[in-house]
Amino acid sequence: MSIESDMFTEADGEPVAVDNPSGKSDVLLVCEHASLRLPERYGDLGLSQDALTSHIAWDPGALDVARRMSKSLDATLIHQRFSRLLYDCNRPPESPAAIRDVSEVFRIPGNENLTEAERSRRTTGLYLPFQGRIRDEIAARRDAGRQTVLVTVHSFTPVYFGKQREVEIGILHDTDARLADGMLEAAADTSLYRVMRNEPYGPADGVTHTLELHALPAGLLNVMIEIRNDLIADDNGQDVAADFLSGLLRESLTKIHG
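Let me begin by describing the structure that accompanies this report. (Residues numbered from 1 in each chain as written. Predicted model: local features only at pLDDT ≥ 70, side-chain atom pairs only at ≥ 80, totals over all residues. Heavy atoms only, no water.)

**A few points about the packing of aromatic side chains**
Selection criterion: Ring geometry is summarised as follows: Phe, Tyr and Trp rings, the Trp one being its six-membered ring, pair when their centres sit within 6.5 Å, and such pairs are stacked at plane angles under 30 degrees, edge-to-face over 60 and tilted between the two. To qualify as a helix, a DSSP run of H or I must reach at least 4 residues; to qualify as a strand, a run of E must reach at least 2; elements of each kind are numbered from the N terminus. Think of it in three bands: with a 1.4 Å probe and only protein chains considered, a residue is buried below 20% of the maximum accessible area for its type, exposed above 50%, and partly exposed in between. We count a charge as sitting over a ring when the NZ of a lysine or the CZ of an arginine lies within 6 Å of the ring centre and within 35 degrees of the ring normal.
Evaluated as defined, the whole model comprises three aromatic pairs. Taken together, a centroid distance of 5.0 Å and an interplanar angle of 25° make the contact between Phe8 and Phe82 stacked. Of the two residues, Phe8 sits in the segment before β1 (16-19) while Phe82 sits in the loop between β3 (76-80) and β4 (102-103), which places them 74 residues apart along the sequence. A relative accessible area of 1% means that Phe82 is categorised as buried. A centroid spacing of 5.0 Å and a plane angle of 55° characterise the contact between Tyr193 and Phe244, whose relative ring orientation is tilted. Residue Tyr193 is located in the loop between α4 (178-186) and β10 (195-197), and its partner Phe244 is located in helix α6 (residues 235-257); the two are separated by 51 residues in the primary sequence. Phe244 matches Tyr193 in its accessibility class, with the two residues each being buried. Lying over the aromatic face of Tyr42, Arg41 brings its terminal NZ or CZ to 4.8 Å of the ring centre.

**A word on the pattern of salt bridges**
Quick reminder of the rule: Salt bridge, as applied in this entry: a Lys or Arg side-chain nitrogen positioned within 4 Å of an Asp or Glu carboxyl oxygen.
For the structure shown, the criterion picks out 16 salt bridges. Where Asp176 meets Arg178, a salt bridge forms, and the shortest distance between an N and an O atom there is 2.8 Å. What makes Arg178 partly exposed here is its relative accessible area of 42%. A salt bridge links Asp181 to Arg197, with the shortest nitrogen-to-oxygen separation between them at 2.8 Å. Taken together, the positions of Asp181 in helix α4 and Arg197 in strand β10 put the pair 16 residues apart, joining distant regions of the chain. Within the structure, one salt-bridge network assembled from shared partners comprises Arg68, Asp235 and Asp239.

**Topic: the side chain of Ser83**
What counts is decided by this rule: Any pair of N or O atoms that falls within 3.5 Å is considered a polar contact. Within protein, one atom must be able to donate a hydrogen and the other to accept it, and sequence-neighbouring residues count only if both atoms are side-chain atoms. By the convention used here, residues are in contact when the closest approach between their heavy atoms is within 4.5 Å.
By secondary structure assignment, the location of Ser83 is in the loop between β3 and β4. By relative accessible area, which is 1% here, Ser83 ends up buried. At 2.7 Å, the side chain of Ser83 forms a polar contact with the backbone oxygen of Ala57. Those residues within four positions of Ser83 in sequence are excluded, and the remaining contacts are Ser35, Leu36, Arg37, Leu38 and Ala57.

Below you can see the structure in the form of structure tokens.
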């Protein structure tokens with residue numbers, strides 16, 4: 001039995017999902033923390049129901065916003081179908097944050113004292129298929145003479161370790177700030193959200209892995225979006241955020257491409 005097949009049951013399905021695979025936009029949307037599901041064989045990892053539905057398990061609202069952006073932009077969307085509690089697909093295998101045994105105030109018993117075999121199983125079953133699907137999509141576009149603009153969509157909690165966060169939408173970048181600069185310029189006069197650069201996280205926090213892996217080496221335009229999750233807790237909030245962010249992307253890309 002392969003490492004992949006003993007991680008999931010038939011009912012679990014595949015680890016990666018692709019929405020709007022024939023989307024015409026250059027934008028490729030990615031949502032690494034889209035789901036709070038756990039495969040059957042992992043049970044509840046020893047966590048309470050409150051913990052399993054909290055932000056430590058996923059990015060609440062992020063997939064809903066990304067799906068609306070996919071529709072608005074006619075963009076392909078690649079998203080993870082299982083919880084980051086098992087493996088955080090926005091972290092490389094060597095990172096201690098890839099599989100956490102403590103997240104904020106929560107101990108994660110099912111992640112404690114893992115064997116190297118189990119770490120390898122999760123890397124092979126979750127991380128490699130996810131990042132591989134992104135790589136393959138970008139390669140197929142390149143072979144077809146198409147551009148790719150890589151945009152990852154996340155959400156964050158309003159309060160972290162007891163501290164209130166002021167930022168409402170974060171526009172994050174690593175060493176390539178072209179698209180982030182354009183979006184921040186387009187958002188400069190908005191009164192709708194408090195928009196900030198590299199907040200509440202930045203590249204020093206290790207959050208730009210997907211961008212580093214796929215966009216930076218190939219010189220692709222890229223950006224990471226963070227949305228405060230209380231602002232996208234319902235349909236209306238998700239609609240407003242998706243419209244706002246899609247508009248920033250359109251305006252920025254139009255200016256960059258002349």
